Amino acid sequence: MKFRYKVLFTNLILLSLGLGLVGYLMIHKNFELAKQTQLKNAIVQNNLVQSSVEYELLQLLNSASDNSVSQNADNSETSNNNTDNTGAKKSGVTASSITAQLPQIGGRVSSSVRSRDSFFYIYFDGEKVYTDDKSDAGISDTLFKNLTTGNKNYVIKEESQKHYIYVTSQSVIDEKNLWIVSKCDASEAYTLLDEQIKYFRLIIIVILIAESAAMYFISRYMTKPLEKLNHVSEEIAQGDYATRVNVKSHDEIGLLAQKFNIMAQAVSDHVDELNDMVHRREQFVADFTHEIKTPMTSIIGYADTMRSLELPREEQMMALGYIFSEGKRLESMSQKLFELIYLRRHDIEKARVHMADLCAEVVKVVEPAYENRHLTIETEIEDAVLTVNRELLVTALVNMMDNARKASEEGQQVEVTGKFVDNMACNIRKDKTDIGEAESADDRKCMRAYEICIIDHGIGMTKEQAAKICDEFYMADKSRARKEGGAGIGMSLVAIILEHHNAVLSVESEPGCGTTMRILLPW
């Protein structure tokens, strides 16, 4: 089930329960108030009938009495006090005569005080002596239980699809109980209850229908961003990592959409990184295979020639020279590959080193090769003590000096400088593809660094070539590099070494104008 339908049904259930509870309480309260009103009316009616019957009995006693005015006064007082039995005896009226007169009294009272839909019963000494109720329904015994003079009992009964209130009062005449039972129609309260229930059902149905329509559109509007998230997630699952969620709300869903976009961007970057890594590995395997194949072809070809033909001494020495140089190139390649793999998987140890001594060692290592090419080295090194790995940093600088030698023509000069620089230290970025890119203002911060520059005035290279020099087996001029014994791994090794030193390498070069390689080591 969709989330919007869950929201819709939940709201409908809660609204139905709320409205039902409120409606029940209100209808029940109104019904109780109406019933209490009907009960009060029934009690008033009973009091009226009781007073009328007692008045008629008093008239009967007065007409039958021959006593004095004072005795009449006493009888009147006795009648007002529920016509006690002493007054009845003195007046000469017996219980049998009262029983005989009560139906007539009931008839006169019924014609004078009875209202529509109300009836009454007269019981004397436990027997019914009068009623104006034609239905003459049975009276419940509960009406007479625990009944005392001055108190009233009542009960509500349903008769012929109507509800009636029975109210009972008691008087005592000649030591016998006179019960007046009034019967009043209370159907109005129950009719009002039924009408309110029907009206409430109609209202609640209308409200639920209107609320359902409103909540459907509201929930659809509120869950629309979630549907977008779901749709975008499906597209990303199918491989479209460039898709993003366009949700501009400022609530929790908008925040979720922002986090989702951040996550999608991270996934996209990671996938791009993995694809780039796979591409690099494939390219590495292809380049490695090619680089191995070239010298092996030469070695096998010259060896086969020497094995199958009788060559003059001079040609034999030339063939052996090719075999030796190609073998040395394979040895150099394998050694650098081993160092490259090792450095990618292991950390390095560092110690405090004087940079002047380190640069002097580098110059000493490359000096014989430079002399063979009639190249000169100009150094200007400011001494500093940095925490580095001496052997690895020497290896990196030797590779860079070797590249400068290969790019230079005979008789040219290569310059090596080392100095402190202020306000020019780049934030360290481990992405070696930054090589050849201009540094932005955000990449710089106010700190001190040690800068080593290797400047040659050789053939140079384009910006595109400069950006790729740290790729494995990449050579800007393959024929020249192979002629010089290069394998295209040296600068990759340099990049890994500098990365371990948290250093930054930048390359500035122009074709025909030379190349400047700059290393910034944090101090």
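Just above sits the structure.
Treat the numbers as computed from the prediction; the structure is a model and nothing was measured.

Account for the overall build of the protein chain, with residues named and values stated.
In terms of helices and strands, the protein chain carries 12 helices and 14 strands. When burial is assessed residue by residue, the protein chain has 39% of its 523 residues classed as buried. The long-range share in the protein chain, meaning contacts at least 24 apart out of those at least 6 apart in sequence, stands at 70%. Accessible area for the protein chain stands at about 30400 Å²; split by element, carbon and sulfur atoms hold 55% of it.

Requested: an account of the pattern of salt bridges, with residues and values cited.
The final tally for this structure, using the stated rule, is 11 salt bridges. Close ionic contact of Lys157 with Glu159 constitutes a salt bridge, the shortest N to O distance being 3.9 Å. You can call Lys157 partly exposed: its relative accessible area is 24%. Residue Glu159 is classed as buried on the basis of its relative accessible area, which comes to 13%. Among the salt bridges present, the one from Arg390 reaches Glu361, with a minimum N-O distance of 3.0 Å. With Arg390 in helix H9 (residues 390–407) and Glu361 in helix H8 (residues 355–372), this residue pair connects regions lying 29 residues apart in the sequence.

So, empty space enclosed by the protein: which residues are in play, and what are the values?
Across all of its chains, the model carries 2 cavities of 30 Å³ or more by this definition. Each pocket or cavity is described by its volume, and for the largest cavity that value is around 50 Å³. Along its surface, the largest cavity is lined by Cys359, Val362, Val363, Leu397, Met401, Val416, Ile452 and Ile454. Looking at the lining of the largest cavity, the elements with two or more residues in it are H8, H9 and strand S12 (448–456). Top contributing element to the lining of the largest cavity by residue count: H8, with 3 residues. A per-class count over the lining of the largest cavity returns 8 nonpolar, no polar and no charged.

How would you summarise the side chain of Asp185 if you had to cite specific residues and measurements?
Relative to the elements of secondary structure, Asp185 occurs in strand S5 (residues 176–185). A distance of 2.7 Å separates the side chain of Asp185 from the side chain of Ser187, its partner in a polar contact. With sequence-adjacent residues up to four places away left out, Asp185 is seen in contact with Gln38, Asp117, Lys162, His163 and Tyr164.

Describe the packing of H8 against H9, listing the residues and the values that go with them.
With their axes 9 Å apart at the nearest point, H8 and H9 run at an angle of 40 degrees to one another. Between H8 and H9, the interaxial angle falls into the category oblique. Read as a crossing pair, H8 and H9 show a hand that is right-handed. Residues Met355, Asp357, Leu358, Glu361, Val362, Val365, Val366, Ala369 and Tyr370 of H8 pack against Arg390, Leu393, Val394, Leu397, Val398, Met401, Ala404 and Arg405 of H9.

An account of the pairing of strand S2 (residues 127–131) is requested, with residue identities and associated values reported.
When strand S1 (residues 118–124) meets S2, the two strands line up antiparallel, connected through 4 bridges. Across the sheet, residue Tyr121 finds its bridge partner in S2, namely Thr131. Connecting the antiparallel pair S1 and S2 is a turn made up of 2 residues, with Asp125 showing a positive phi of about 55 degrees.

So what's going on with H9? Which residues, and what values?
Taking 1.5 Å per residue, 18 residues should reach 26 Å; H9 reaches 26 Å between its end C-alpha atoms and fits that length. Of the residues that open H9, the one with a side-chain oxygen 3.4 Å from the backbone nitrogen of Glu391 is Asn389.

How would you sum up a nonpolar patch on the surface? Please name residues and give values.
A cluster of nonpolar side chains, namely Met1, Tyr5, Phe9, Ile13 and Leu17, defines an oily patch on the protein surface of about 550 Å² accessible area. Residue placement: Tyr5 occurs in helix H1 (residues 3–64). The class for Tyr5 is partly exposed, based on a relative accessible area of 31%.

Please provide a residue-by-residue account of the sheet that holds strand S13 (residues 504–510), values included.
Taken together, 5 strands build an open sheet; the order of strands is S7-S9-S12-S14-S13 and the sheet is mixed. The open sheet is flanked by strand S7 (376–381) and S13, the only strands paired with a single partner. Within this sheet the neighbouring strands show an average axis-to-axis angle of 15 degrees, counted without direction. Strands S7, strand S9 (413–422), S12 and strand S14 (514–522) of the sheet are contacted by H8, whose axis makes an angle of about 180 degrees with S7. Of the strands in this sheet, S7, S9, S12, S13 and S14 are in contact with H9, which crosses S12 at around 30 degrees.

Summarise the sheet that holds strand S3 (residues 152–159); cite the residues concerned and give the values.
Spatially, S2-S1-S5-S4-S3 is the arrangement adopted by the 5 strands of the open sheet, whose pairing is antiparallel. In this open sheet, the two strands that pair with only one neighbour each are S2 and S3. Looking at each pair of strands side by side, their axes are set apart by 25 degrees on average, direction ignored. Of the strands in this sheet, S1, S2, strand S4 (162–173) and S5 touch helix H4 (residues 95–113), which is tilted by about 175 degrees from S1.

What counts and how
Residues numbered from 1 in each chain as written. Predicted model: local features only at pLDDT ≥ 70, side-chain atom pairs only at ≥ 80, totals over all residues. Heavy atoms only, no water. Helix = DSSP H or I, 4+ residues; strand = E, 2+ residues; numbered from the N terminus. Buried < 20%, exposed > 50% of the residue type's maximum accessible area, 1.4 Å probe, protein only. Contact = heavy atoms within 4.5 Å. Areas by Shrake-Rupley, 256 points an atom, 1.4 Å probe, with all protein chains shown as cover. Salt bridge = Lys/Arg side-chain N within 4 Å of Asp/Glu carboxyl O. 1 Å grid on protein atoms, 1.4 Å probe; cavity = no way out; pocket = protein on both sides within 12 Å on 5 of 7 lines; lining within 4 Å. Points joined across faces, edges and corners; volume = space filled by probe spheres on them. Nonpolar A, V, L, I, M, F, W, Y, C, P; charged D, E, K, R; others polar. Polar contact = N/O pair within 3.5 Å; in protein donor to acceptor, adjacent residues only side chain to side chain. Axes fitted to C-alpha atoms, helices over the stretch in contact; angles between N-to-C directions. Parallel < 35°, antiparallel > 145°, perpendicular 65-115°, else oblique. Left-handed = near helix turned anticlockwise from the far one by under 90°. Pairing = 2+ DSSP bridges. Expected span 1.5 Å × (residues − 1). Patch = residues over 30% accessible without salt bridge, like charges linked within 9 Å, V, L, I, M, F, W, Y side chains within 5 Å.

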